[in-house]
Amino acid sequence: MRLLVVVAVASLSVAAASAQPLAGERYYMTVFGAQSSPLRLRLTHTFAEFTRTVPTPMGEMVAESHTVSWMPATLRIRPLALRPEPGTNLTLQQT
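Residues numbered from 1 in each chain as written. Predicted model: local features only at pLDDT ≥ 70, side-chain atom pairs only at ≥ 80, totals over all residues. Heavy atoms only, no water.

A. Here's a closer look at the overall build of the chain. A tally of helices and strands in the chain yields zero helices and six strands. For the chain, the N- to C-terminal ordering of α and β elements is β-β-β-β-β-β. In the chain, which comprises 95 residues, the share counted as buried stands at 20%. A sequence separation of at least 24 residues applies to 35% of the contacts in the chain between residues at least 6 apart. Here the chain has roughly 7,500 Å² of accessible surface; of this, 60% comes from carbon and sulfur atoms. (Helix = DSSP H or I, 4+ residues; strand = E, 2+ residues; numbered from the N terminus. Buried < 20%, exposed > 50% of the residue type's maximum accessible area, 1.4 Å probe, protein only. Contact = heavy atoms within 4.5 Å. Areas by Shrake-Rupley, 256 points an atom, 1.4 Å probe, with all protein chains shown as cover.)

What follows is the structure, encoded as structure tokens:
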């Protein structure tokens, strides 16, 4: 099965209003979308990766990443289900 992957990348340099960012600290958000060809709703998914980079005193950049990929706990996607079901968050590799 082939998946078409559309990647939209947005750079964010937004800090929380109550906290001041460190000098050189950067925030990034990468949004992914995947679908099958031909289109099947149960094989369509959107997920995001959030990354924060901070320079070390040695001048290196350290990255910290978090993925939001919310799926049904059973991993069986039922787009026409009438009731909510428990979910789980997957890592980028699991997605």
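B. Geometry of the side chain of serine 69. When you line up the elements, serine 69 lands in the loop between β4 (61–68) and β5 (70–72). At 2.9 Å, the side chain of serine 69 and the side chain of histidine 45 are in polar contact. A distance of 2.7 Å separates a polar atom in the side chain of serine 69 from a polar atom in the side chain of threonine 95. (Polar contact = N/O pair within 3.5 Å; in protein donor to acceptor, adjacent residues only side chain to side chain.)

C. Quick peek at the pattern of salt bridges. Within this structure, the stated rule accounts for three salt bridges. The residue glutamate 25 makes a salt bridge to arginine 52 at a minimum N-O spacing of 2.5 Å. With glutamate 25 in the loop between β1 (3–12) and β2 (26–36) and arginine 52 in strand β3 (residues 45–55), this residue pair connects regions lying 27 residues apart in the sequence. Across the pair arginine 52 and glutamate 64 runs a salt bridge whose closest N-O atoms are separated by 3.4 Å. (Salt bridge = Lys/Arg side-chain N within 4 Å of Asp/Glu carboxyl O.)

D. Spotlight on the packing of aromatic side chains. Applying the stated criterion to the full structure yields one aromatic pair. Seen from their ring centres, phenylalanine 32 and phenylalanine 47 are 5.0 Å apart, and the 15 degrees between their planes marks the pair as stacked. Here phenylalanine 47 lies in strand β3 and phenylalanine 32 lies in strand β2, a separation of 15 residues in the sequence. We note that phenylalanine 32, like phenylalanine 47, is buried. (Phe/Tyr/Trp six-rings, centres within 6.5 Å; stacked < 30°, edge-to-face > 60°.)

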